[in-house]
Amino acid sequence: MNAVEMIDIVKEYPGVLANDHVSLTVREGEIHGLVGENGAGKSTIMNQLYGMQRPTSGTIRVYGKEVQIHSPREAIALGIGMVHQHFMLAPSLSVLQNIILGNQPKKGPFIDRKTARRQVQEILDRYAFQLDLDARVYQLSVGQMQRVEIVKALYRGAKILILDEPTAVLTPQEVEELIKIMRRLREQGCSLIIITHKLKEVMAATDRITIMRKGVVTGRVNTAETNETELANLMVGREVNLRIPKWDTSAFRQRVLEVRDLEVYNERGQRAVDHVSFSVKQGEILGVCGVEGNGQTELVNALTGLSPASGSIRVNGAELCRAGVRARREHRMSHIPEDRMKVGGAKTCSITENLMLDSYYTPDYCRGGVLDYPRMNAHAGELIERFAVKVPNGEYPLGTLSGGNIQKVILARELDADPEILIAAQPTRGVDIGAIEYIRKQLVALRDSGKAILLVSAELEEILSLSDRIIVMYEGEIVGTFCPEETTEEELGLYMTGSRRMELDGGAL
């Protein structure tokens, strides 16, 4: 029997056809992959299955019965659950409290905690989950939080489970554990739909795959009968190469960025970066990896002037630890932030204005306090064309663009500044495979020209393929330094979780 049948689904917004007669079938007891570029329509189709949106036309059947799903509550009643990429948990509550929240068994006017614990424990035993029900959620690893979300859905009776980018922030070991969990769920009769752009993991986890591009289905394949190259071609419409060749830059020797004994505290007053030292030289990409929350964000904020720090930050010999953001930029430091909308751009401002944020005040574009808009528009138009931003002109608000195109705007602005050192934090997060290829090519070209790059990424494949050296951060410290040719994702994962550690007297200098 089919668990889900979505037949000729059309979803139309004013001026946009998000789903164009999309059909999707998920069998009972299978793991089904749904892949495609940003804007392909895969999240839209799943939001309709989960009741967050209504289709313009089309038919949805759940276990053979035609249904109308008006809300997530109705989807849950039909046995459909969804684990979102950004977890919806209350950090200060216990695991048990999070799982039963909004669906607590009652004994009179009170919550029946004994029954709740028994019911949840039965689920843990049935699917072989390891969770401490009394632990506070903020104490858990990312992988454990994800398990809480899955158990929460199962507690509400889910037999069809939608996982949105489930491996986005997991270590290789956590990814392996998640795949084991999904297989156990399948063996118990659950049907799973994975929305992802990670082809390696969709190949490892799924039974069948549906591929979407520009709102339509471009392919349906059995996983055992396909490969990553074919999937990428179906997603993008051309061959994609994510392993970008690099030139020999060994002739470059000068250290551009030197960080010594850096100490940073987070917003809660806790030490997030603990006396870290490293350097990046010309023609080098230094990759920084670690499980999120181990000091990478605070490190980037300190380097770029967004957070106070103690220690030493030098760019080409100039001490900048106490300098402001503009002073660092004037010393040729550029920054691709991990949150492109909160830090990287102003979504209500035009694309042109966002492209000129770094230079509008310079004599080239401002005379006597008056902005030279024709000159600004002309330069922005050149950048839009050069960086292949898909937009008719620069007058559109930044917020109207796709994630990949927003990232291209930020990349264009930062590279146009001709940086000596580029701090690139999660530069390909949330963008599609075609944009990933483009961004990686730009980073490698910058490196080949003799510039220095500090690359912070949660994608270990990206770290390994782009970096010349790699450092691993755990609990605010550098616990390992590696050559990419001499390590693996699995070894890096052990250092990322604190299972292993090197003695590094001089950090990664």
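Everything here concerns the structure above.
Residues numbered from 1 in each chain as written. Predicted model: local features only at pLDDT ≥ 70, side-chain atom pairs only at ≥ 80, totals over all residues. Heavy atoms only, no water.

Draft legend 1. Representation of the overall build of the protein within the structure. Across its full length, the protein carries 17 helices and 24 strands. Taken against the 2.2 N^0.38 rule, which gives 23 Å for 509 residues, the C-alpha radius of gyration of the protein at 24 Å falls within 12% of a compact globule. Taking the principal axes of the C-alpha coordinates as reference, the protein spans close to 65 × 55 × 50 Å. For the protein, with 509 residues in total, the buried portion stands at 53%. Within the protein, contacts between residues at least 6 apart in sequence are counted, and of these 68% link residues at least 24 apart. Total accessible area on the protein stands at roughly 22,900 Å², and carbon and sulfur atoms take up 47% of it. Side chains of the protein carry 61 positive and 67 negative charges; the gap between the two charge centres is 4 Å. (Helix = DSSP H or I, 4+ residues; strand = E, 2+ residues; numbered from the N terminus. Rg over C-alpha atoms; globule rule 2.2 N^0.38 Å. Buried < 20%, exposed > 50% of the residue type's maximum accessible area, 1.4 Å probe, protein only. Contact = heavy atoms within 4.5 Å. Areas by Shrake-Rupley, 256 points an atom, 1.4 Å probe, with all protein chains shown as cover. Lys, Arg positive; Asp, Glu negative; His and termini not counted. Charge placed at Lys NZ, Arg CZ, Asp CG, Glu CD.)

Draft legend 2. Broad picture of the packing of aromatic side chains. Taken as a whole and judged by the stated rule, the model has 3 aromatic pairs. Note on Tyr 127 and Phe 129: the rings are 6.2 Å apart at their centroids and 65° apart in plane angle, and the pair reads as edge-to-face. Across the pair, exposure class does not vary: Tyr 127 and Phe 129 are buried alike. The interplanar angle of 80° and the centroid separation of 5.0 Å between the aromatic rings of Phe 482 and Tyr 495 together place this pair among those described as edge-to-face. A residue pair is termed long-range when its members are at least 10 positions apart, and Phe 482 in strand β24 (residues 477-482) and Tyr 495 in helix α17 (residues 489-496) qualify at 13 residues. Neither Phe 482 nor Tyr 495 differs from the other in exposure class; each is buried. Sitting above the plane of the Tyr 361 ring, Arg 326 keeps its charged end 3.7 Å from the centroid. (Phe/Tyr/Trp six-rings, centres within 6.5 Å; stacked < 30°, edge-to-face > 60°. Lys NZ or Arg CZ within 6 Å of the ring centre and 35° of its normal.)

Draft legend 3. Inspection of the pairing of strand β6 (residues 80-83) at higher detail. Burial along β6 is two-sided: Ile 80 and Met 82 facing one way and Gly 81 and Val 83 facing the other are all buried. Note: β6 against strand β9 (residues 160-164), 4 bridges, orientation parallel. Considered in β9, the bridge of Gly 81 is made with Leu 161. (Pairing = 2+ DSSP bridges.)

Draft legend 4. Region of interest: the nonpolar core. Ranked by internal contacts, the top residues of the largest apolar core, which has 84 residues, are Ile 99, Val 120, Ile 150, Leu 161, Met 182 and Leu 185. For this core, the leading source of residues is helix α5 (residues 142-155), giving 8 residues. Beyond its immediate stretch of four places on either side in the chain, Val 120 contacts Leu 96, Ile 99, Ile 100, Leu 133, Val 151 and Tyr 155. (Core = buried A, V, L, I, M, F, W, Y, C linked by side-chain atoms within 4.5 Å.)

Draft legend 5. Highlighting α5. An ideal rise of 1.5 Å per residue puts 20 Å on 14 residues; α5 measures up with 20 Å between its terminal C-alpha atoms. The buried count for α5 comes to 13 of 14 residues, which makes it a mostly enclosed element. In the stretch just after α5, Gly 157 is the one whose phi turns positive, near 90°. (Expected span 1.5 Å × (residues − 1).)

Draft legend 6. Molecular detail of the sheet that holds strand β17 (residues 318-319). As summarised here, the arrangement of the 4 strands in space is β14-β13-β16-β17, forming an open sheet in which the pairing is antiparallel. Both outer strands of the open sheet, β14 (271-281) and β17, are each paired with one neighbouring strand and no more. Judged from the 2 bridges that link them, strand β16 (residues 310-315) and β17 form a sheet pairing that is antiparallel. Each residue of the ladder has a partner; that of Arg 314, found in β17, is Glu 319. In the packing of helix α9 (residues 296-303) onto the sheet, the strands contacted are β13 (255-265), β14 and β16, and the crossing angle to β13 comes to about 120°. (Axes fitted to C-alpha atoms, helices over the stretch in contact; angles between N-to-C directions.)

Draft legend 7. Structural view of the packing of helix α14 (residues 403-416) against helix α15 (residues 433-448). Close contact between α14 and α15 brings their axes to 10 Å; oriented N to C, the two are set at 10°. In this view, α14 runs roughly parallel relative to α15, as classed from their interaxial angle. In this structure, α14 contributes Gly 404, Gln 407, Lys 408, Leu 411 and Leu 415 to the contact, and α15 contributes Ala 435, Tyr 438, Ile 439, Gln 442 and Leu 446. Split into classes, the residues belonging to the contact of α14 with α15 amount to 6 nonpolar, 3 polar and 1 charged. (Parallel < 35°, antiparallel > 145°, perpendicular 65-115°, else oblique. Nonpolar A, V, L, I, M, F, W, Y, C, P; charged D, E, K, R; others polar.)

Draft legend 8. Structural detail: unusual backbone geometry. The residue Ala 128 is not glycine, and still its phi comes out positive at about 55°. Its place among the elements puts Ala 128 in the loop between α4 (113-127) and α5. The exposure class assigned to Ala 128 is partly exposed, which follows from its relative accessible area of 38%. Positive phi, close to 50°, is recorded for Gln 426, a residue that is not glycine. Here Gln 426 is to be found in the loop between β21 (421-425) and α15. When its relative accessible area of 9% is taken as the criterion, Gln 426 is described as buried.

Draft legend 9. Local environment of the state of the cysteines. Enumeration according to the criterion identifies 0 disulfides in this entry. In this model Cys 349 remains outside any disulfide bridge; the closest cysteine sulfur is found in Cys 366, 16 Å from its own. (Disulfide = S-S within 2.5 Å.)

Draft legend 10. The sheet that holds strand β2 (residues 16-27), seen in detail. With respect to topology, 4 strands assemble into an open sheet ordered β2-β1-β4-β5, the strand pairing being antiparallel. Two strands close off the open sheet at either side, each with one partner strand: β2 and β5 (65-67). Here the average twist between neighbouring strands, direction ignored, is 25°. Where strand β1 (residues 2-13) lies against β2, 8 bridges are found, and the strand directions are antiparallel.

Any functional reading would require information that these geometric values do not contain.
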